[in-house]
Amino acid sequence: MKKLLVKAGAGTVLLCAVAALIFGYYYWVTPSETVVVVPGPLPQGLSPGFTSDQLGDYLLASIEDIRIIAESRRPPGSLSSVGIQVASATKRPAYTSLRVALPVFDQKVRGVSAGTLRQWAVSLKASHFIWLDATVANGSNFRLQGVLRDRPKFAIRRSWRVPVAGDTCLGLETCAGELAEEILAVLEPRPLVLFYLQKDQDSAFRKIVDLYESGRIPRGNLTRDDFFAWADALRGTKEYDRAINKYKEGLDKDKTFCSGYDAIGFTNLLRYQAEMRPEQLNAAEKAFRQAIDCNRDDAVAYCDLGNVLVRKWMAGKKLDDQLIKKAIDLNQQALKIDPQRAEAAVNIGYVQYMSGQHQQALDYFREIGERFPTHAALFLNFGYLSYREYLDGRSELLQPAIDGTRRARDLDPKSWVAANNLGALYFETDKLADAIKSWDEAHRLNPNEPDVLAGLALGLFKSGQRNEAVEHYREAIRREGKLVDPEYLRQTHFWSKKAAQDVVPLIQAATSER
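Criteria and cut-off values
- Residues numbered from 1 in each chain as written.
- Predicted model: local features only at pLDDT ≥ 70, side-chain atom pairs only at ≥ 80, totals over all residues.
- Heavy atoms only, no water.
- Axes fitted to C-alpha atoms, helices over the stretch in contact; angles between N-to-C directions.
- Helix = DSSP H or I, 4+ residues; strand = E, 2+ residues; numbered from the N terminus.
- Parallel < 35°, antiparallel > 145°, perpendicular 65-115°, else oblique.
- Left-handed = near helix turned anticlockwise from the far one by under 90°.
- Contact = heavy atoms within 4.5 Å.
- Nonpolar A, V, L, I, M, F, W, Y, C, P; charged D, E, K, R; others polar.
- Phe/Tyr/Trp six-rings, centres within 6.5 Å; stacked < 30°, edge-to-face > 60°.
- Buried < 20%, exposed > 50% of the residue type's maximum accessible area, 1.4 Å probe, protein only.
- Pairing = 2+ DSSP bridges.
- Lys, Arg positive; Asp, Glu negative; His and termini not counted.
- Salt bridge = Lys/Arg side-chain N within 4 Å of Asp/Glu carboxyl O.
- Polar contact = N/O pair within 3.5 Å; in protein donor to acceptor, adjacent residues only side chain to side chain.

Asker: Which residues make up the packing of helix α14 (residues 358-371) against helix α15 (residues 376-391), and what values go with them?
Answerer: Axis angle and axis distance: for two packed helices, these are the angle between their axes and the distance between the axes, and together they describe the pair. One way to put it is that α14 packs onto α15 with a least axis distance of 10 Å and a crossing angle of 150°. Here α15 runs roughly antiparallel to α14, going by the angle between their axes. Judged by the twist between their axes, the crossing of α14 over α15 is left-handed. Counted together, His-358, Leu-362, Phe-365, Arg-366, Ile-368 and Gly-369 of α14 and Leu-378, Phe-379, Asn-381, Phe-382, Leu-385, Ser-386 and Glu-389 of α15 form the full contact between these two elements. Looking at the contact of α14 with α15 residue by residue, the class counts come to 7 nonpolar, 4 polar and 2 charged.

Pasting the structure below:
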């Protein structure tokens, strides 16, 4: 009997030692800034199709997805490789739950499991806890809410309820994603900034601006990269003047960051596209020259400075041959520095065409299309210039125009220009349904562009949807009054003779019916 008791005591000591090791290990590896997600029980009567543990898992997965996307590299834009900057992030906190979904952690020995020991260790070490609940809303629907409490007093630091708009959740994944964004806005705003920048949407840009303007990222802690991320978001919302000011604040932090001058120049180009004011081209030229002075190997600056000079040449009615010669030299220099700078090759081809070398330009575009088969702007320009030749009587180039524009749209589904051009091309070939579909897509991407509104109106009018067509065309006229003149459409927007003739009764209906 005595011997058996000795053995039992030794076993107990061994179990206690193993338990202490497990507890000690998880306590040691748990950072003090760990955020623990604790899902509460679902309320009675709510059967949303998931368990409370799944709710926690979805939230943790959503947070991790955002962080992964934030760290991924953004592809360069089609107009310039100057784009989203990377905001500096502090050391990342860990997010975890108290549960480990492995059967071995649930196996109990003398009433205690490894999972329980881990829970004790993590709970003792972690500093932040998010209590998570689903609440009943409008009968069988639900909302999610979270409460953040911090050690040591566990006072409520922040609470959230989603959907923020006050509706009910359409699904667990969507609501968990929204709650993850709300949580990161408080605990990790910088990775959230990068996530929103990657989305490249107006609503996401506005969220970035709000993160900075609300002080979620304290003004005193802003880095150069913060100012550039803020500026990128303002540029995305077309607040160009404010964006330029933020870029300049970023350069004040680090004047050796040569890409900052590129960003200012590119933003001034966007301002010029929107407002067509000569001083904006001058500002862009100045910024790109500063970029070159800062870095003589800046292919982006050479390419975009060449672009500015092309625009100045065209604004001056193509009279200054020195501008165009210099523009070509700059783009050739960009290609010398970076042979993969497709934008520079496109600029050279465009200049050739606008200089009257039409066939040489089309041949050049075919050549560089083989070198840069995934560059959307290249095929967009080739399609457009082929269409211009079609308008001048070369009917054999209508199909190449369609093929090039369609490829551009496939490579860049967000290009309203490609969708709009494709609508006009399909209309020319009497593919009315395809034309309406393309114009509708262009309208979705850019609902305020008069040429898009007019094209969509024409397609709808020809398909018998008179009332909607008249409404769209009136809006187009409101935004650009000269659209009442079919000849203006031909000369300025390069509508075909067929389209200009077909739009006449629509113009009459839009200007006479009230």
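Additional details are given in the paragraphs that follow.
Asker: So what's going on with unusual backbone geometry? Residues and values would help.
Answerer: The omega angle of the peptide bond from Arg-151 to Pro-152 is 15°, so this bond is cis rather than trans. Inspection of the secondary structure puts Pro-152 in the loop between β6 (141-150) and β7 (155-162). Between Val-162 and Pro-163 the backbone carries a cis peptide bond, its omega angle lying at 0°. Tracing the backbone through its elements, the reader meets Pro-163 in the loop between β7 and α4 (172-187). With a phi close to 60°, Phe-154 is a non-glycine residue in the positive phi region. Its place among the elements puts Phe-154 in the loop between β6 and β7.

Asker: So what's going on with the packing of aromatic side chains? Residues and values would help.
Answerer: Under the defined criterion, the tally for this structure stands at 12 aromatic pairs. Here the aromatic rings of Phe-23 and Tyr-27 are separated by 6.3 Å at their centres, their planes lie at 15°, and the arrangement is stacked. Within this pair, Phe-23 and its partner Tyr-27 are both found in helix α1 (residues 2-29), separated by 4 residues, close to a single helical turn. Classification of Phe-23 as partly exposed rests on a relative accessible area of 26%. Given a relative accessible area of 34%, Tyr-27 falls into the partly exposed group.

Asker: Summarise the pairing of strand β5 (residues 128-137); cite the residues concerned and give the values.
Answerer: Where strand β1 (residues 35-39) lies against β5, 5 bridges are found, and the strand directions are parallel. Directly across from Val-35, in β5, lies its bridge partner His-128. Direction of pairing for β5 relative to β6: antiparallel, over a ladder of 10 bridges. Looking across to β6, one finds that Leu-132 is bridged to Gly-146.

Asker: Quick rundown of the side chain of Arg-143? Include the residues and the values.
Answerer: With respect to the helices, strands and loops of the structure, Arg-143 is situated in strand β6. Buried and without a salt bridge, Arg-143 has Asp-167 as its closest oppositely charged side chain, separated by 6.7 Å. Polar side-chain contacts of Arg-143 include one of 3.0 Å to the backbone oxygen of Gly-166. Of note is the side chain of Arg-143, whose polar atom sits 3.0 Å from the backbone oxygen of Asp-167.

Asker: Describe the sheet that holds β1, listing the residues and the values that go with them.
Answerer: Whenever strands of a sheet pair, they do so through backbone hydrogen bonds, lying parallel or antiparallel. Spatially, 5 strands are ordered β2-β1-β5-β6-β7 in an open sheet, and the strand pairing comes out mixed. Of all strands in the sheet, those bounded by a partner on one side alone are β2 (95-97) and β7. With direction set aside, neighbouring strand axes in the sheet form an average angle of 25°. Of the strands in this sheet, β1, β2, β5, β6 and β7 are in contact with α4, which crosses β7 at around 145°.

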